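Residues per chain are reported as follows:
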Protein chains: 2
Amino acid sequence: MSQATAPSARTRIRRLPDRGRYDFATVAAIVDATMLCTVAFQIDGAVHAIPTLHWREGEHLYIHGAKASRMLKALAHGEACVTIAQADGLVLARSAMHHSMNYRSVVIYGRFEAVTDPDYKLRSLEAFIEGLYPGRWQTLRPINDKELNATTVLRIPLTEASAKVRAAGVKDDEEDLSWPVWAGVIPLHTVPGEPQAEHDSVLSDVPPTRFV
Amino acid sequence: MSQATAPSARTRIRRLPDRGRYDFATVAAIVDATMLCTVAFQIDGAVHAIPTLHWREGEHLYIHGAKASRMLKALAHGEACVTIAQADGLVLARSAMHHSMNYRSVVIYGRFEAVTDPDYKLRSLEAFIEGLYPGRWQTLRPINDKELNATTVLRIPLTEASAKVRAAGVKDDEEDLSWPVWAGVIPLHTVPGEPQAEHDSVLSDVPPTRFV
């Protein structure tokens, strides 16, 4: 799936095409580095979009939800567009026009399919939890059949996907470079705060998380 | 616009409705606390979604982009669905099923309209920059007519919007409370890193930003 050009017309980056990346490694790395995506879909010809958690296994992005979810039902019957966007930095230029943002984003087009095999679904949910909290799955009260049945897992292939990345300094007009204002990049990071244990938590050791 | 019930059928929160909020103050506060939204729309009946920056003035959410943008053209002719999602914390329960996330999200339905009046557009862009960097607009090389003409500003009313908020501890099943695993919330914060001044930045004082 590694490629330098867009896999389809609709994934081709039209605005600022030099920021476009179409190789699987870049798309997968952004999916892995983020937790939240937005899933856009249609119901009776009207557009809807809902933020949800995601994870990746191999060449698919996975989402999950309650079996009764309106979104998950709609996704079984039509095309979807999944977006991910991570803000990495504020770019402050000498002119308003050249202010920008460093970011990593992904857009995926395609059709979700349900993961129906119970064993496969179980392993997918394990991968979801382990991706967030390595080693945690085995320490949890085991999932039961009722919980597994109530949960829908869907996946969409990463084949028709594009990434867009800005990771650079300020691009000002040549004639503005001496303008007397600070110009530069302020990076943005997501960091964990002080863990808040439940008052009745049996253990006091906070588990490791992949998001730090 | 303050209200306790959904402004329309499509904004009514169906999954976990106790997390739904429909009052303007809650929606506006989430729009203000975030920079990135995803705009979902249709082109020839197919669904697309693109992440972009947003800001708020009064009862509208604003976005901007290059005049030639495919998205901005499509938005002039159809309904859109704007989503915002902010991850506030990881919720670690004793069972996989009750793992969750603290978050604030907004979904807005409606139609964008272009801000065509040049003075109004100028003031909107000023509000955008000032919202991110209070006091910065006046220090910048002034925007010129060419830049203003090349920029499209669109706005969508916050009237048909809903918010969904989870800000709570762990909700485990009663019989799992003694399970020997850490349970609690790990808050997530977005923080600025060390500012990276351009090598030719005239000033060394980093401007204040609203996002810290």
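Residues numbered from 1 in each chain as written. Chains lettered and ligands numbered in written order. Predicted model: local features only at pLDDT ≥ 70, side-chain atom pairs only at ≥ 80, totals over all residues. Heavy atoms only, no water.

If you check an unreviewed UniProt entry, chain A appears there as Pyridoxamine 5'-phosphate oxidase family protein from Azoarcus taiwanensis.

Peer 1: Lay out the relation of the copies chain A and chain B in plain terms, naming residues and giving numbers.
Peer 2: Its rotation angle being 180 degrees, the transformation that places chain A on chain B also includes 0.0 Å of axial translation and leaves an RMSD of 0.0 Å. Such a combination of rotation and displacement between the chain copies is what one expects of a two-fold axis. Across chain A, the rotation axis passes nearest the C-alpha of threonine 190 of chain A, at a separation of 2.2 Å. A high fraction, 100%, of the interface residues of chain A reappear at the interface in chain B, so the copies pair face to face through one surface. (Least-squares fit on C-alpha atoms with pLDDT ≥ 70 in both. Contact = heavy atoms within 4.5 Å.)

Peer 1: Could you give me a rundown of the interface of chain A and chain B, with the residues and numbers involved?
Peer 2: Tallying the contact residues gives 87 residues for chain A and 88 residues for chain B. Counting each side, the surface lost to burial between chain A and chain B is near 7,300 Å², with a carbon and sulfur contribution of 64%. The largest per-residue losses of area from chain A upon contact with chain B belong to Val47, Arg141 and Trp182 of chain A, which jointly make up 10% of the total buried on that side. Note that aspartate 176 of chain B is salt-bridged to arginine 141 of chain A, the shortest N-O span being 2.9 Å. (Buried area = accessible area lost by both parts, 1.4 Å probe. Salt bridge = Lys/Arg side-chain N within 4 Å of Asp/Glu carboxyl O.)

Peer 1: Describe the nonpolar core, and please don't skip the residues or the numbers.
Peer 2: All names here are of chain B. Counting residues in hydrophobic clusters, the biggest one holds 26 residues, and the most contacted among them are Val39, Leu61, Ile63, Leu75, Val82, Ile108 and Phe112. Sorting the residues of this core by element identifies α1 (24–33), β2 (36–43), β5 (60–66), α2 (70–75), β6 (79–92), β7 (100–111), β9 (151–157) and β10 (161–166) as the ones contributing at least two each. Here this core gets 5 residues from one element, more than from any other, and that element is α1. Discounting residues that sit within four places of it in the chain, phenylalanine 112 has contacts with Val39, Leu61, Ile63, Leu75, Ala80, Val82, Leu154, Arg155 and Ile156. (Core = buried A, V, L, I, M, F, W, Y, C linked by side-chain atoms within 4.5 Å. Buried < 20%, exposed > 50% of the residue type's maximum accessible area, 1.4 Å probe, protein only. Helix = DSSP H or I, 4+ residues; strand = E, 2+ residues; numbered from the N terminus.)

Peer 1: Could you give an account of the packing of aromatic side chains, with specific residues and numbers?
Peer 2: Here the distance between the centres and the angle between the planes together describe a pair of aromatic rings. Taken as a whole, this structure holds 4 aromatic pairs over all chains when the rule is applied. On the numbers, 5.7 Å between centres and 20 degrees between planes, the contact of tryptophan 55 of chain A with tyrosine 62 of chain A is stacked. For tyrosine 62 of chain A, a relative accessible area of 1% corresponds to the buried category. Ring centres 4.2 Å apart and planes at 15 degrees place the aromatic pair tryptophan 55 of chain B and phenylalanine 128 of chain B in the stacked group. Residue tryptophan 55 of chain B is located in strand β4 (residues 55–57), and its partner phenylalanine 128 of chain B is located in helix α3 (residues 118–132); the two are separated by 73 residues in the primary sequence. Phenylalanine 128 of chain B shares its class with tryptophan 55 of chain B; the two are buried. Three or more aromatic residues joined by ring pairs form one cluster here, namely Trp55, Tyr62 and Phe128 of chain A. (Phe/Tyr/Trp six-rings, centres within 6.5 Å; stacked < 30°, edge-to-face > 60°.)

Peer 1: Tell me what's going on with the sheet that holds β5 of chain B, and back it up with residues and numbers.
Peer 2: Residue and element names in this part refer to chain B. Spatial ordering of the open sheet is given by β4-β5-β9-β8, a layout of 4 strands whose pairing is antiparallel. Of all the strands in the sheet, just β4 and β8 (113–114) have a single pairing partner and so form its edges. The strands that α3 touches are β4, β5 and β9; relative to β4, the one it contacts most, it runs at about 125 degrees. (Pairing = 2+ DSSP bridges. Axes fitted to C-alpha atoms, helices over the stretch in contact; angles between N-to-C directions.)

Peer 1: Let's hear about the pattern of salt bridges: which residues, and what values?
Peer 2: Across all of its chains, the model carries 20 salt bridges over all chains by this definition. In this structure, aspartate 200 of chain A and arginine 94 of chain B form a salt bridge, with 3.0 Å as the shortest nitrogen-oxygen distance. Within this pair, whereas aspartate 200 of chain A is found in the segment after β12 (196–197), its partner arginine 94 of chain B is found in the loop between β6 and β7, the two belonging to separate chains. A relative accessible area of 27% means that aspartate 200 of chain A is categorised as partly exposed. Exposure remark for arginine 94 of chain B: the relative accessible area of 1% places this residue in the buried category. Of the charged contacts in the structure, one is a salt bridge between aspartate 88 of chain B and arginine 104 of chain B, with a shortest N-O distance of 2.8 Å. Here arginine 104 of chain B lies in strand β7 and aspartate 88 of chain B lies in strand β6, a separation of 16 residues in the sequence. Classification of aspartate 88 of chain B as partly exposed rests on a relative accessible area of 22%. Through salt bridges with shared partners, one network takes in Arg141 and Glu147 of chain A together with Asp173 and Asp176 of chain B.

Peer 1: Any chance you could break down helix α3 (residues 118–132) of chain A for me, citing the residues and the numbers?
Peer 2: Residue and element names in this part refer to chain A. In this model, α3 (15 residues) spans 21 Å end to end at C-alpha, consistent with the 21 Å of a helix rising 1.5 Å per residue. Three or more residues of α3 are buried, namely Lys121, Ser124, Leu125, Phe128, Ile129 and Leu132. The buried residues of α3 all sit within an arc of 135 degrees when viewed along its axis, so they share a single face. In this structure, the buried residues of α3 make contact with β3 (46–53), β4 (55–57), β5 (60–66), α4 (145–150) and β9 (151–157). (Expected span 1.5 Å × (residues − 1). Arc of directions from axis to C-beta.)

Peer 1: Quick rundown of the sheet that holds β4 of chain A? Include the residues and the values.
Peer 2: Residue and element names in this part refer to chain A. With antiparallel pairing, the 4 strands of this open sheet are ordered in space as β4-β5-β9-β8. Bordering the open sheet on either side are β4 and β8 (113–114), each of which pairs with just one other strand. The sheet contact formed by β5 and β9 spans 7 bridges and is antiparallel. Across the sheet, residue glycine 65 finds its bridge partner in β9, namely threonine 152.

Peer 1: Any details on unusual backbone geometry? Residues and values, ideally.
Peer 2: Residues and elements named next belong to chain A. Backbone geometry at aspartate 44 places phi at a positive 50 degrees, although glycine is not the residue there. Here aspartate 44 lies in the loop between β2 (36–43) and β3. With a relative accessible area of 81%, aspartate 44 lands in the exposed category.

Peer 1: So what's going on with the side chain of histidine 60 of chain B? Residues and values would help.
Peer 2: With respect to the helices and strands, histidine 60 of chain B occurs in strand β5. Setting aside its immediate chain neighbours within four residues, histidine 60 of chain B contacts Trp55, Glu113, Arg155, Ile156, Pro157 and Leu158 of chain B.

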